[in-house]
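# Report on the structure
Single-letter residue listing:
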Amino acid sequence: MKVLIVNGSPHKDGNTMVALRAMMEVFEEEGAEYELFNIADKAVEDCRGCGACSKLGRCVIDDAVNEFNEKFENADGIVIGSPVYYAAAAGRVASFLNRVFYSAKFDTTMKVGCCFCAARRGGIETAFDQINKYFTISGMPIASSRYWNGIHGSKPGEAEQDLEGISVARILARNMCFLMKSISLGKETYGAPKSEKKNVTNFIR
Ligand SMILES: Cc1cc2nc3c(=O)[nH]c(=O)nc-3n(C[C@H](O)[C@H](O)[C@H](O)COP(=O)(O)O)c2cc1C
């Protein structure tokens, strides 16, 4: 089991990381291999909408996105951590995910996805819904927990006091491991689900 964990906060050791660290502890307990991918110190350009990735098989902007996708191709699951900015995922996270998912030309079907959002007070659910959309358009089952995955805190590290949030993160990681193991067993027993030819129809014919 290989899990890739993205910390999308500009604070390497902020509140998002409190939740991700709780998840990492459980991955260790469960014997899952994990890698933390910090995008705080990486310039992440927005998608240019050039469509070059459809020919290149990777993004034309050769930065953290391509680096991540090389790892993503071999991962069984990914965790996206983001602070909540104006009731949405941080802009850097949105730019990163737009390009990751648009340029990923490998099969993401049955890779498990989940996210964790940190906020002072509100907007966790909208950011959570926003990030989960990347998974559900990509054939990726979403691991879930006992609440919508969020942790509360304002100053970096304050979320250590949110014991319920930490517990939600731990349960999420454990459920994610179970799901990844079950999918691996399912593939061995029944094979991966068959794909279909892609029909792309627009609203304007
Ligand atoms: C630009 C900006 C917008 C924010 N918007 C929200 C918000 O909509 N709701 C909220 O509860 N907190 C908001 N916050 C606070 C952060 O989400 C909160 O401090 C969070 O714990 C930061 O996580 P981090 O320490 O991992 O960076 C905002 C912070 C910034 C800098």
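Here the residue index of a chain counts from 1 through its sequence in written order. Restriction of local features to residues with pLDDT of at least 70 applies here, the model being predicted, together with a cutoff of 80 or more for giving and counting side-chain atom pairs; totals for whole chains, interfaces and linings are based on all residues.

## Quick notes on the site of the ligand
Note the following rule: We call a residue near a molecule or strand if the C-beta atom, set from the backbone, is within 6 Å of it. Starting at the N terminus, helices and strands are each numbered in turn, a helix being any DSSP run of H or I of at least four residues and a strand any DSSP run of E of at least two. For this scheme, ten residues count as nonpolar: Ala, Val, Leu, Ile, Met, Phe, Trp, Tyr, Cys and Pro. Four count as charged, namely Asp, Glu, Lys and Arg, and the remainder, Gly too, count as polar.
If you check the shell around the ligand, you find 19 residues, and the closest are Ser-9, Gly-14, Thr-16, Pro-83 and Ala-119. Mapped onto the shell around the ligand, the elements with two or more residues apiece are helix 1 (15-29), strand 3 (77-85) and strand 5 (112-119). In terms of residues, the shell around the ligand owes the most to one element, strand 3, which gives three residues. Grouping the amino acids of the shell around the ligand by side-chain chemistry returns eight nonpolar, nine polar and two charged.

## Remarks on the pairing of strand 3
Definition in use: Exposure classification rests on a simple neighbour count of other C-beta atoms within 10 Å of a residue's own: a residue reaching 20 or more is buried, one at 12 or fewer is exposed, and one in between is partly exposed. C-beta atoms are placed from the backbone. Strand pairing is assigned whenever DSSP detects at least two bridges linking the two strands.
Taking burial as the measure, the nine residues of strand 3 include eight buried ones, the bulk of the element. Summarising the sheet, strand 1 (residues 2-7) and strand 3 pair through five bridges and their orientation is parallel. Bridged to Ile-5 within strand 3 is Val-79. Summarising the sheet, strand 3 and strand 5 pair through seven bridges and their orientation is parallel. Across the sheet, residue Ile-80 finds its bridge partner in strand 5, namely Cys-115. Inspection of the sheet shows strand 3 paired to strand 4 (residues 88-89) by two bridges, in the antiparallel sense. Residue pairing for strand 4: Tyr-85 is matched across the bridge by Ala-88. From the end of strand 3 to the start of strand 4, which pair antiparallel, there are two residues, and Tyr-86 there has a positive phi angle of about 50°.

## With respect to helix 5 (residues 124-136)
We count it as follows: Helix span is expected to be 1.5 Å times the residue number reduced by one. Picture the helix axis, draw a direction to every C-beta atom, and the arc is the one those directions span.
Compared with an ideal rise of 1.5 Å per residue, which puts 13 residues at 18 Å, helix 5 spans 18 Å between its outermost C-alpha atoms and is within 8% of the ideal. Listed in full, the buried residues belonging to helix 5 are Ile-124, Ala-127, Gln-130, Ile-131, Tyr-134 and Phe-135. Across the axial projection of helix 5, the buried residues extend over an arc of 155°, all falling on one side. Across from the buried face of helix 5, at angles greater than 90 degrees, the exposed residues are Lys-133 and Thr-136.

## So, the packing of helix 3 (residues 64-72) against helix 4 (residues 91-103)
This is how the line gets drawn: For every element, the axis is a line fit to its C-alpha atoms; helices are fit only across the contacting stretch, and the angle between N-to-C directions ranges from 0 to 180 degrees. Oblique is the label for every angle not falling under 35 degrees (roughly parallel), over 145 degrees (roughly antiparallel), or within 65 to 115 degrees (roughly perpendicular). It is the rotation of the near helix from the far one that decides the hand of a crossing: anticlockwise by less than a right angle makes it left-handed, clockwise makes it right-handed. Residue pairs qualify as contacts under a 7 Å threshold applied to their C-beta atoms, which are placed from the backbone.
Between helix 3 and helix 4, the least distance of the axes is 10 Å, while the angle of their chain directions is 55°. When the axes of helix 3 and helix 4 are compared, the pair comes out oblique. Viewed along their axes, helix 3 and helix 4 form a crossing whose handedness is right-handed. Where helix 3 abuts helix 4, its residues Val-65, Phe-68, Asn-69 and Phe-72 lie against Phe-96, Arg-99, Val-100 and Ser-103. Looking at side-chain class alone, the contact of helix 3 with helix 4 contains five nonpolar, two polar and one charged residues.

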